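# Summary of the model geometry
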Amino acid sequence: MSTDSVLRPQPPSVPDSPRPRRRSGRGPARPTAAAAIHSISAVTAVLLGLVAIGAMIHEPVLIPPLAASAALVHSAPTLPLAQPRSIVIGHLLGAGSGYAVLALTNSSPWTAALAGGITLAATMLARTPHSAACATAVIVVLQTPAPGRFVPLLFGSTVLLVLTGFAASRVRRGAPKYPAYWW
């Protein structure tokens, strides 16, 4: 054995390695009819509930990002994006980012895009990833809702989404329990 082999060991020779794994390229399994009907019913019910609340208080409560959040809660309840902390804190960070951008600039598509990016950074740093929160920031910048009304309604709506996800996951046997973790 030479000193070269001690100082610079050679990698061991690799015998014929097994075939590389092929990626199947397949999407997720199709849900059962019962699971699909359950999820669709739960999402529709909670969104109609938000519309009804808005009609009673004469305020728009249903905003598009909440529909996306409801879809995540009821169709992918185990994902980190669908967990309570990500939904509630994520949307509040989105609203906060939107209002912060508005405080420093004007309402425009350019600043709305900036607010969306800032929201993504904030949710990643806070460990509350939620893609729909970026849309909340965009809505705040483009629509400029009054924060004193918008933020409490947003908070209440996100809590309602989480609670309906919790309740709906306990109705159907065999459904994944929501949430995977609370905080």
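As a starting point, this report considers the structure included with it. All figures in this text were calculated on a predicted structure; none of them were measured in a lab. (Residues numbered from 1 in each chain as written. Predicted model: local features only at pLDDT ≥ 70, side-chain atom pairs only at ≥ 80, totals over all residues. Heavy atoms only, no water.)

Scanning the model with the defined rule gives 2 aromatic pairs in all. Geometrically, the ring pair formed by Tyr-99 and Phe-150 is edge-to-face, given 6.5 Å between the ring centres and 70° between the ring planes. Pair noted here: Tyr-99 is in helix α4 (residues 84-104) and Phe-150 is in helix α7 (residues 147-169), with a separation of 51 residues, a long-range link. Phe-150 carries the same exposure label as Tyr-99, and that label is buried. (Phe/Tyr/Trp six-rings, centres within 6.5 Å; stacked < 30°, edge-to-face > 60°. Helix = DSSP H or I, 4+ residues; strand = E, 2+ residues; numbered from the N terminus. Buried < 20%, exposed > 50% of the residue type's maximum accessible area, 1.4 Å probe, protein only.)

In this section: the environment of Ile-89. Relative to the elements of secondary structure, Ile-89 occurs in helix α4. As a C-alpha pair, Ile-89 and Thr-158 span 69 residues in sequence and 9.0 Å in three-dimensional space. Non-local contacts of Ile-89, meaning those with residues more than four positions away in its chain, are made with Pro-84, Thr-128 and Trp-183. (Contact = heavy atoms within 4.5 Å.)

Inspection of the secondary structure assignment puts Ser-39 in helix α2 (residues 33-57). Given the relative accessible area of 18%, Ser-39 is considered buried. Among the polar contacts made by the side chain of Ser-39, one reaches the main-chain carbonyl oxygen of His-74 at a distance of 2.7 Å. In contact with Ser-39, other than residues within four places in its own chain, are His-74 and Ser-75. (Polar contact = N/O pair within 3.5 Å; in protein donor to acceptor, adjacent residues only side chain to side chain.)

With respect to the helices, strands and loops of the structure, Leu-153 is situated in helix α7. Looking at Leu-153, the relative accessible area reads 23%, which means it is partly exposed. The sequence separation of Leu-153 and Pro-60 amounts to 93 residues, and the corresponding C-alpha distance is 8.9 Å. Setting aside anything within four residues of it in sequence, one finds Leu-153 in contact with Ile-57, Glu-59 and Val-61.

Attention shifts here to α2. Here α2 is 25 residues long and its end C-alpha atoms lie 36 Å apart, about the 36 Å a rise of 1.5 Å per residue gives. All of the buried residues along α2 are Ala-35, His-38, Ser-39, Ala-42, Val-43, Val-46, Leu-47, Leu-50 and Gly-54. His-58 lies just past α2 and shows a positive phi near 60°. (Expected span 1.5 Å × (residues − 1).)

Residue Tyr-178 is joined to Pro-179 through a cis peptide bond whose omega torsion reads 0°. Turning to its location among the elements, Pro-179 is positioned in the segment after α7. Of note in the backbone geometry, His-58 takes a positive phi value of approximately 60° without being a glycine. Note that His-58 resides in the loop between α2 and α3 (64-75). Phi at Thr-144 takes a positive value of approximately 45°, unusual for a residue other than glycine. For Thr-144, the position within the fold is in the loop between α6 (131-143) and α7.

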